[in-house]
Amino acid sequence: MTTGKLIDGKAFAAQLRERVGTYVPAFHQAQGRAPGLAVVLVGEDPASAVYVRSKGKATREAGMESFEHRLQDDVSQGDLMAIVAQLNADDAVDGILVQLPLPDHIDDKAVIAAIDPAKDVDGFHVVNAGRLAVGEEALVPCTPLGCLMLLKDHLGDLAGLDAVVIGRSNIVGKPMAQLLLQESCTVTMAHSRTRDLEAVVRRADIVVAGVGRAEMVRGDWLKPGATVIDVGINRVAGAQEGKTRLVGDVATAEALAHVGAITPVPGGVGPMTIACLLRNTLVAAHRRAGMPDPEGL
Ligand code: NDP
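Okay, so let's go over this structure. Along each chain, numbering runs from 1 in the same order as the chain's sequence is written. Totals for whole chains, interfaces and linings use every residue, but because this is a predicted model, local features are given only for residues with pLDDT of at least 70 and side-chain atom pairs only at 80 or more, for both listing and counting. Values shown for side chains rest on all heavy atoms present in the structure; no hydrogens or waters enter the calculation.

## Looking at the sheet that holds strand E6 (residues 186-190)
- Strands are labelled as partners when DSSP assigns at least two bridges between them. For the purposes of this entry, the term helix denotes a DSSP run of H or I that reaches at least four residues, the term strand denotes a run of E that reaches at least two, and both are numbered from the N terminus. Read across the sheet, six strands follow the order E1-E11-E8-E7-E5-E6 without closing on themselves; strand pairing throughout is parallel. Only two strands of the sheet have a single neighbouring strand rather than two, namely strand E1 (5-6) and E6.
- In terms of strand pairing, E1 meets strand E11 (residues 261-262) through two bridges, oriented parallel. Counted as the bridge partner of Leu 6 is Ile 262 from E11.

This is the structure we're talking about:
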């Protein structure tokens, strides 16, 4: 039986944010402005408001320009599209992020399709998804990019490893599988229709779980020494009445008896998502300005 290590995503993310910040002065000097990220928030969803606030704070801490657009939840499709068009045309804006989920009356696919792919720092536009799929230069969704960084930091070369990605969403599972394939892993994608998930997971050297089901993956499903990236964020009842706590898609305490390493929830993948958003904004700014990509990010 092995005793696994917890992968400190918080510390890695702090270092990444700091490294992003070190590139800002040279960009400013060359372009006469800092890279800029615009975040659009529709409505008052408290979780979304917290995300938007922390994205703005992290952007400013990295020395970049943050533009926030807060719209009422009854904003029309046309008015929202007009704001996206305005941000597309604004040269001070390198990255555009429309915080999801959007209210039901808004066609979110149309909104994402309206974002200039060069400014699509969430990597959700079909042009970026397509470029990732064919191995061309793309803006890659932040969460899977962060997962890949943690995996490479922990394991080094991933070539030849068996990787199982549980979940096939466009924002987590699919881009994660593409990234692992690019690293020459042998990739299996599992989802709600997968037969005998336990057996599929058991053969994996790398497991990435992005499902949204609290502690679904049990410790004894995991191959001894496997590396596990737990993307799930699930709120469950806490030990004290009325209190809640966050858990991932993997039963962490059980898993630690089997795995080589696992990301905790919270403090694993979550902090990497914002750090990668800053990274993508910096990269988008360099590409738009015709400057080479910052190295080592
Ligand atoms: P979605 O609901 O879009 O996708 C969930 C996926 O899990 C689907 O592909 C679904 O399969 C699959 N699934 C559901 N039930 C099972 C099951 N019993 N066995 C195997 N697969 C199953 O979620 P997201 O991808 O948006 O998010 C996944 C999780 O990651 C959530 O907990 C979310 O909160 C978290 N998250 C965390 C982020 C972070 O920054 N840390 C960022 C984004 C998400 P099917 O397609 O067949 O329905």
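## With respect to the state of the cysteines
- For this text, the term disulfide refers to a pair of cysteine sulfurs within 2.5 Å. Under the defined criterion, the tally for this structure stands at zero disulfides.
- The cysteine Cys 185 is free of any disulfide, with Cys 147 supplying the nearest cysteine sulfur at 13 Å.
- Lacking any disulfide linkage, Cys 276 is separated from the closest cysteine sulfur, that of Cys 142, by 6.2 Å.
- Relative accessibility thresholds used throughout: buried, under 20% of the residue-type maximum; exposed, over 50%; partly exposed, between the two (1.4 Å probe, protein chains only). What makes Cys 276 buried here is its relative accessible area of 0%.

## Some thoughts on the side chain of Lys 119
- Relative to the assigned elements, Lys 119 resides in the loop between helix H4 (108-114) and helix H5 (126-134).
- When charges are counted, Lys and Arg contribute as positive and Asp and Glu as negative, whereas His and the chain ends are disregarded. A pair is scored as a salt bridge if a Lys or Arg side-chain nitrogen falls within 4 Å of a carboxyl oxygen belonging to Asp or Glu. There is no salt bridge for the buried Lys 119, and the closest opposite charge comes from Asp 116, which lies 5.4 Å off by N-O distance.
- Whenever two N or O atoms come within 3.5 Å, that pair is a polar contact, provided that in protein one can donate a hydrogen and the other can accept it, and provided that, for residues adjacent in sequence, both atoms are side-chain atoms. Here Asn 88 takes part through its backbone oxygen, which lies 2.9 Å from a polar atom of the side chain of Lys 119.
- The contact partners of Lys 119, leaving out residues within four places of it in the chain, are Leu 87, Asn 88, Ala 89, Asp 90, Val 93, Asp 94, Gly 95, Ile 96, Leu 139 and Arg 288. Residue contacts are counted whenever heavy atoms from the two residues lie within 4.5 Å of one another.

## Quick notes on the environment of Asp 153
- Looking at the element boundaries, Asp 153 is found in helix H6 (residues 142-155).
- In sequence terms Asp 153 and Phe 12 are 141 residues apart; their C-alpha atoms lie 9.1 Å from each other.

## Digging into the pattern of salt bridges
- Under the defined criterion, the tally for this structure stands at twelve salt bridges.
- The salt bridge partner of Glu 137 is Arg 287, with a shortest N-O separation of 3.4 Å. On the criterion of sequence distance, the pair formed by Glu 137 in the loop between H5 and H6 and Arg 287 in helix H10 (residues 269-288) is long-range, its members being 150 residues apart.
- Overall, Glu 137 belongs to the exposed group, its relative accessible area being 54%.
- Two residues, Asp 293 and Arg 287, come together in a salt bridge whose shortest N-O distance is 2.7 Å.
- For Arg 287, a relative accessible area of 26% gives the class partly exposed.
- Connected via shared salt-bridge partners are Arg 33, Asp 91, Asp 94 and Arg 288.

## What about the site of the ligand?
- Taken together, 22 residues are adjacent to the ligand, and Arg 168, Ser 169, Ser 192, Ile 233 and Thr 273 come closest.
- In the environment of the ligand, an oxygen atom lies 2.8 Å from a nitrogen or oxygen atom belonging to the side chain of Arg 168.
- Within the side chain of Ser 192, an N or O atom sits 2.5 Å from an oxygen atom of the ligand.
- For the ligand, whose unbound accessible area comes to 930 Å², protein coverage reaches 69%.
- The element that contributes the greatest number of residues to the shell around the ligand is H10, accounting for three residues.
- Its residues assigned to classes, the shell around the ligand comprises nine nonpolar, eleven polar and two charged. Any residue with a heavy atom positioned within 4 Å of a molecule or strand is treated as near that molecule or strand. Computed with the Shrake-Rupley method and a 1.4 Å probe, the accessible areas treat only the protein chains shown as cover for residues. Three residue categories are used. Nonpolar comprises Ala, Val, Leu, Ile, Met, Phe, Trp, Tyr, Cys and Pro, charged comprises Asp, Glu, Lys and Arg, and polar comprises the others, including Gly.

## Let's talk about the nonpolar core
- Among buried residues, the Ala, Val, Leu, Ile, Met, Phe, Trp, Tyr and Cys ones that are joined through side-chain atoms within 4.5 Å form a nonpolar core. Judged by nonpolar contacts, the single largest core of 52 residues is most densely connected at Leu 16, Leu 151, Met 176, Leu 180, Val 208, Ile 229 and Met 272.
- Among the secondary structure elements, those contributing two or more residues to this core are helix H1 (9-31), strand E2 (36-42), helix H2 (46-61), H6, strand E5 (162-166), helix H7 (173-182), strand E7 (206-209) and H10.
- Element by element, the count of residues in this core is highest for H10, at nine residues.
- In this view, Leu 180 contacts Leu 148, Leu 151, Leu 158, Ala 163, Val 165, Cys 185, Val 187 and Val 208; residues no more than four positions away in its chain are not counted.

## Here we look at unusual backbone geometry
- Cis geometry is found at the peptide bond from Leu 100 to Pro 101, where omega equals 0°.
- For Pro 101, the position within the fold is in the loop between strand E4 (95-98) and H4.
- Val 265 connects to Pro 266 through a cis peptide bond whose omega is 0°.
- Notably, Asp 196 is not glycine yet its phi reads approximately 50°, a positive angle.
- In this structure, Asp 196 sits in the loop between E6 and helix H8 (197-202).
- Classification of Asp 196 as exposed rests on a relative accessible area of 52%.
- Of note, Glu 215 is a non-glycine position whose phi angle comes to about 50°, a positive value.
- Within the element layout of this structure, Glu 215 appears in the loop between E7 and strand E8 (227-230).
- Residue class for Glu 215 comes out partly exposed when judged on its relative accessible area of 27%.

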